[in-house]
Amino acid sequence: MKKWFTSLASAGLLLFAVGIAPLAAAEEAAAPAAAVAAAAADAAAAAPAAAANAAAPAAAPEVHKGDVAWMMVATLLVIMMTIPGLALFYGGLVRAKNMLSVLMQVMMVFSLIAVLWAIYGYSLAFGGEGLFIADFSKLFLNGVNGTTLADTFTETVKLPEYVFIAFQATFAAITCALIVGAFAERIRFSAVLIFSVLWFTFCYLPIAHMVWGAGGYLLGKGALDFAGGTVVHINAGVAGLVGAYLVGKRIGLGRESMAPHSLTLTMVGASMLWVGWFGFNAGSNLEATSGAALAFVNTLVAPAAAMLAWTAGEAVFKGKASMLGAASGAVAGLVGITPACGTVGPMGAILIGLASGAACLWGVSSLKRMLGADDSLDVFGVHGLGGIVGAVLTGVFSAPWLGGTGAEDFSIAHQVVVQLEGVLITIVWSAVVAYIAFKIVDAIVGLRVSEEEEREGLDISSHGETAYHG
């Protein structure tokens, strides 16, 4: 495992050190004397108009009620993705004796991170400029009130800052909640909470700033991540994999039945995730415009294609297509399209969905066996691997001649290299921070419950209650 982390770190730091220098060219031309004289005459004639324009006030920023309403709805949809969506999706996948423990972990992590986001997270992610982190200028939401505004992708269109804060809080919270599925059924409740604080502070916030914050390193390099392929999914997937290694395998794995106790609840949770993801992706447009509509339709077709790819793969290689596979395929497609949803066309989204479904099916079967980690609910196999596939393919299908929104001089080769740099930085950063955070938690409270508590089930041993009676 140490060799695995060392190779990851080496590759990431190497790519991090070797930047892609921007190209610039300057052209000079000597104008004939007559042309110079004509230009001077034109300038003199235009002087009164220029003076009038200079005296005119700059266009006042606009806040559209439709944008505000849409972003508040999008924020609610992302909350629904997590509680109850993610909670039920994960809860159905564990054994009945651990159902409530998973629900509790997801709800508590979401709540904890929402509070920390308001206290210092928003400030460090979006409070100012910086290559790797912002500053404490908005600590405790200092200076934020009902009149302060946040930027959108249109220079003159703004949002109330409170709306942007709430929307981004849900992203931070669901990212940390995703991680708990990797070591479900055997970790201490207190360990989950302490780890979440450390990882959120030293991993999520820097990555979010680098990708989306003013002056962020990856933003400056031109990395494309419309709704969180690197910030959310690769970030959480890698941290989950590290946790699966360090917490260790479940007692009886491979000898006792670890079958999901309720695929019905898992299907309900997956459906809520899909519906909520429209807020996650289309909301990332920050305005109720055609850009949101593009992200919306891509969030419809990509997971549908991924579900088809996953179930077809199961039918071919396993002989039967499963409900669990269908639900997992939809989530894989949602993960894959997340970084690309605002910059690729619908046909590109379908291809990304097909690729994500096929790749994640391989990730939760063959790759999982190769890695040898007990990633209980396949956080890395679906979110980590799906995020990597989506991030890289964003650099391909954003090309305008493939239906994307890229400029005419868009270079697939250049963009893929930039995307790979973002992927590797995220992998290394998340792996290193997660490893250190888990070790700190282990030293403070211990990572794992006792064998007796694990066999009894975390519902009783950690929370003193059961999900089902009779």
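A brief structural summary.

Criteria and cut-off values
- Residues numbered from 1 in each chain as written.
- Predicted model: local features only at pLDDT ≥ 70, side-chain atom pairs only at ≥ 80, totals over all residues.
- Heavy atoms only, no water.
- Helix = DSSP H or I, 4+ residues; strand = E, 2+ residues; numbered from the N terminus.
- Buried < 20%, exposed > 50% of the residue type's maximum accessible area, 1.4 Å probe, protein only.
- Disulfide = S-S within 2.5 Å.
- Phe/Tyr/Trp six-rings, centres within 6.5 Å; stacked < 30°, edge-to-face > 60°.
- Expected span 1.5 Å × (residues − 1).
- Pairing = 2+ DSSP bridges.
- Salt bridge = Lys/Arg side-chain N within 4 Å of Asp/Glu carboxyl O.
- Contact = heavy atoms within 4.5 Å.
- Axes fitted to C-alpha atoms, helices over the stretch in contact; angles between N-to-C directions.
- Parallel < 35°, antiparallel > 145°, perpendicular 65-115°, else oblique.
- Left-handed = near helix turned anticlockwise from the far one by under 90°.
- Nonpolar A, V, L, I, M, F, W, Y, C, P; charged D, E, K, R; others polar.

**A look at the environment of Met272**
Alright, step 1. Residue placement: Met272 occurs in helix H9 (residues 263-282).
Alright, step 2. Judged by its relative accessible area of 24%, Met272 falls in the partly exposed class.
Alright, step 3. Separated by 189 residues in the primary sequence, Met272 and Ile83 have C-alpha atoms spaced 9.3 Å apart.

**Structural notes on the state of the cysteines**
Alright, step 1. Under the criterion given, the structure shown has 0 disulfides.
Alright, step 2. Just so you know, Cys176 is unpaired, no disulfide at all, and the nearest cysteine sulfur is the one on Cys203, 8.9 Å from it.
Alright, step 3. Cys176 gets classed as buried once you look at its relative accessible area, which sits at 2%.

**Things to note about the packing of aromatic side chains**
Alright, step 1. In this structure the tally under the stated criterion is 20 aromatic pairs.
Alright, step 2. Seen in terms of ring centroids, Phe126 and Phe164 are 5.1 Å apart; in terms of plane orientation they differ by 75°. Their pairing is edge-to-face. With Phe126 in helix H4 (residues 99-126) and Phe164 in helix H5 (residues 161-179), this pair connects stretches of sequence that are 38 residues apart.
Alright, step 3. Here Phe164 falls in the buried class, since its relative accessible area comes to 10%.
Alright, step 4. Ring geometry for Trp277 against Phe280: centres 5.6 Å apart, planes inclined by 65°, an arrangement best described as edge-to-face.

**Some thoughts on helix H8 (residues 229-247)**
Every α-helical turn comprises 3.6 residues, leaving residues that sit three or four positions apart pointing alike.
Alright, step 1. Taking 1.5 Å of rise per residue, 19 residues should cover 27 Å, and H8 covers 26 Å from first to last C-alpha, within 8% of that figure.
Alright, step 2. Within H8, 17 of the 19 residues are buried, which leaves it mostly tucked inside the rest of the structure.
Alright, step 3. Following H8 by one or two positions, Gly248 has its phi on the positive side, about 95°.

**Quick notes on unusual backbone geometry**
Phi is mostly negative for residues that are not glycine, and the peptide bonds are mostly trans.
Alright, step 1. At the junction of Ile83 and Pro84, the peptide bond is cis and its omega measures out at 20° in the coordinates.
Alright, step 2. With respect to the helices and strands, Pro84 occurs in helix H3 (residues 65-93).
Alright, step 3. The phi dihedral of Phe140 falls on the positive side, at around 60°, and the residue is not glycine.
Alright, step 4. With respect to the element layout, Phe140 can be found in the loop between H4 and strand E2 (149-151).
Alright, step 5. For Phe140, a relative accessible area of 61% puts it in the exposed group.

**A short note on the pairing of strand E3 (residues 157-160)**
Alright, step 1. Bridge analysis of strand E1 (residues 62-63) against E3 gives 2 bridges, and the strand direction is parallel. Residue pairing in the sheet places Glu62 in a bridge with Val157 of E3.
Alright, step 2. In the sheet, E2 pairs with E3 via 3 bridges, with the strands oriented antiparallel. Paired with Leu149 across the bridge in E3 is Pro160.
Alright, step 3. Remark: 5 residues form the turn of the hairpin made by E2 and E3, two consecutive strands paired antiparallel.

**Things to note about the pattern of salt bridges**
A side chain with one charge can pair with a side chain of the opposite charge if their charged atoms come near.
Alright, step 1. According to the stated counting rule, one finds 10 salt bridges in the structure shown.
Alright, step 2. Note that Asp374 is salt-bridged to Arg250, the shortest N-O span being 2.9 Å. Within this pair, whereas Asp374 is found in the loop between helix H12 (346-371) and helix H13 (379-397), its partner Arg250 is found in the loop between H8 and H9, the two being separated by 124 residues in sequence. Each member of the pair, Asp374 as well as Arg250, carries the same accessibility label: buried.

**A word on the sheet that holds E2**
Alright, step 1. The mixed open sheet is built from 3 strands, whose spatial order is E1-E3-E2. If you trace the sheet from one side to the other, it starts and ends with E1 and E2, each paired once.
Alright, step 2. Packing of H5 onto the sheet brings it into contact with E2 and E3, and relative to E3 it is tilted by some 70°.

**Some remarks on the packing of H9 against helix H10 (residues 290-318)**
Alright, step 1. Two elements in contact, H9 and H10, have axes separated by 9 Å at closest approach and are oriented at 140°. Overall, the two elements H9 and H10 adopt an arrangement that is oblique. As H9 runs across H10, the sense of the crossing is right-handed. Here Trp274, Trp277, Phe278, Asn281 and Ala282 of H9 lie close against H10, whose contacting residues are Ala292, Ala295, Phe296, Thr299, Leu300, Pro303, Ala304 and Met307.
Alright, step 2. Classifying every residue of the contact of H9 with H10 gives 11 nonpolar, 2 polar and no charged.

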